[in-house]
Amino acid sequence: KGAGYTRNSAPGAVTVDGLADVELALDHRLGRGFTGSVSLVLPTQGDVGSRAASQGLLLAYDRSLGRGWSLGLQASLSHQNGADPGVSAYTKQVYGELAYSLGEDHTVLANLARTWQGGLPSTTDVGVEYDFPIVAKTLSGVLALTRGITRGARHTTWEVGLVRSF
């Protein structure tokens, strides 16, 4: 699930769209390219949002590769309240992205994510994203396309999101 307006389709399933969950996160720079984050995800319910809140921990590493290119790596652990019977309440994910800056606050990136949750098969998603400013330094927009490539978990998700920086 993403944050923002989301449209999700999968082969043989009904296409759904609506407001995805709202995520509140507190980040702290740990030094040498590392950032730690704690988050709370508030459910929006409906066709796209979750039915219960979740909490998460994330460790991220970002490195400039020069000439506008950068690399980002993340490892996260999240806990979902109200997990289905037979499914772990904990989800682990590793994520990597290669980004290119198009100039001031405009970025395009490609990403790859692998997710594990006890009681379910692991999944792999690939995606592309465009980040752009709406109000300088305080409000930015996100346009993203994600494709699930795991057999039995194939999907396509379009996301339009807003990020508010304080």
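Presented here is a report on the structure given in the accompanying data block.

### Looking at the overall build of the protein chain
Here's step 1: Check the secondary structure of the protein chain and you find 0 helices and 11 strands.
Here's step 2: When the helices and strands of the protein chain are listed from N to C terminus, the series reads β-β-β-β-β-β-β-β-β-β-β.
Here's step 3: For the protein chain, the C-alpha radius of gyration of 16 Å lies close to 15 Å, the compact-globule estimate for 166 residues.
Here's step 4: Principal-axis analysis of the C-alpha atoms gives the protein chain an extent of 45 × 30 × 30 Å.
Here's step 5: When the accessible surface of the protein chain is split by element, carbon and sulfur atoms take 59% of a total near 10,700 Å².
Here's step 6: Separation between the mean location of the 14 positive side-chain charges and that of the 14 negative ones in the protein chain comes to 7 Å.

### Concerning the pairing of strand S6 (residues 69–80)
Here's step 1: Two elements, strand S5 (residues 54–66) and S6, share 12 bridges in a ladder whose sense is antiparallel. Pairing of glycine 66 across the sheet is with tryptophan 69, part of S6.
Here's step 2: Between S5 and S6, which follow one another and run antiparallel, lie 2 residues, and arginine 67 among them has a positive phi close to 55°.
Here's step 3: With 11 bridges connecting them, S6 and strand S7 (residues 90–103) associate as antiparallel partners. In the sheet register, histidine 79 faces S7, and the bridge partner there is tyrosine 90.

### Regarding the packing of aromatic side chains
Here's step 1: Taken as a whole, this structure holds 3 aromatic pairs when the rule is applied.
Here's step 2: When the ring of phenylalanine 34 is compared with that of tyrosine 61, the centres are 4.9 Å apart and the planes differ by 45°; the resulting orientation is tilted. Of this pair, phenylalanine 34 sits in strand S4 (residues 34–42) while tyrosine 61 sits in strand S5, and the two are 27 residues apart along the sequence.
Here's step 3: The partly exposed category is assigned to tyrosine 61, whose relative accessible area is 22%.
Here's step 4: Taking 4.8 Å as the distance between ring centres and 50° as the angle between the ring planes, the aromatic pair formed by tryptophan 69 and tyrosine 100 counts as tilted. Of this pair, tryptophan 69 sits in strand S6 while tyrosine 100 sits in strand S7, placing them 31 residues apart in sequence.
Here's step 5: For tryptophan 69, a relative accessible area of 39% corresponds to the partly exposed category.
Here's step 6: Since its relative accessible area comes to 30%, tyrosine 100 is described here as partly exposed.

Rules of the game
- Residues numbered from 1 in each chain as written.
- Predicted model: local features only at pLDDT ≥ 70, side-chain atom pairs only at ≥ 80, totals over all residues.
- Heavy atoms only, no water.
- Helix = DSSP H or I, 4+ residues; strand = E, 2+ residues; numbered from the N terminus.
- Rg over C-alpha atoms; globule rule 2.2 N^0.38 Å.
- Areas by Shrake-Rupley, 256 points an atom, 1.4 Å probe, with all protein chains shown as cover.
- Lys, Arg positive; Asp, Glu negative; His and termini not counted.
- Charge placed at Lys NZ, Arg CZ, Asp CG, Glu CD.
- Pairing = 2+ DSSP bridges.
- Phe/Tyr/Trp six-rings, centres within 6.5 Å; stacked < 30°, edge-to-face > 60°.
- Buried < 20%, exposed > 50% of the residue type's maximum accessible area, 1.4 Å probe, protein only.

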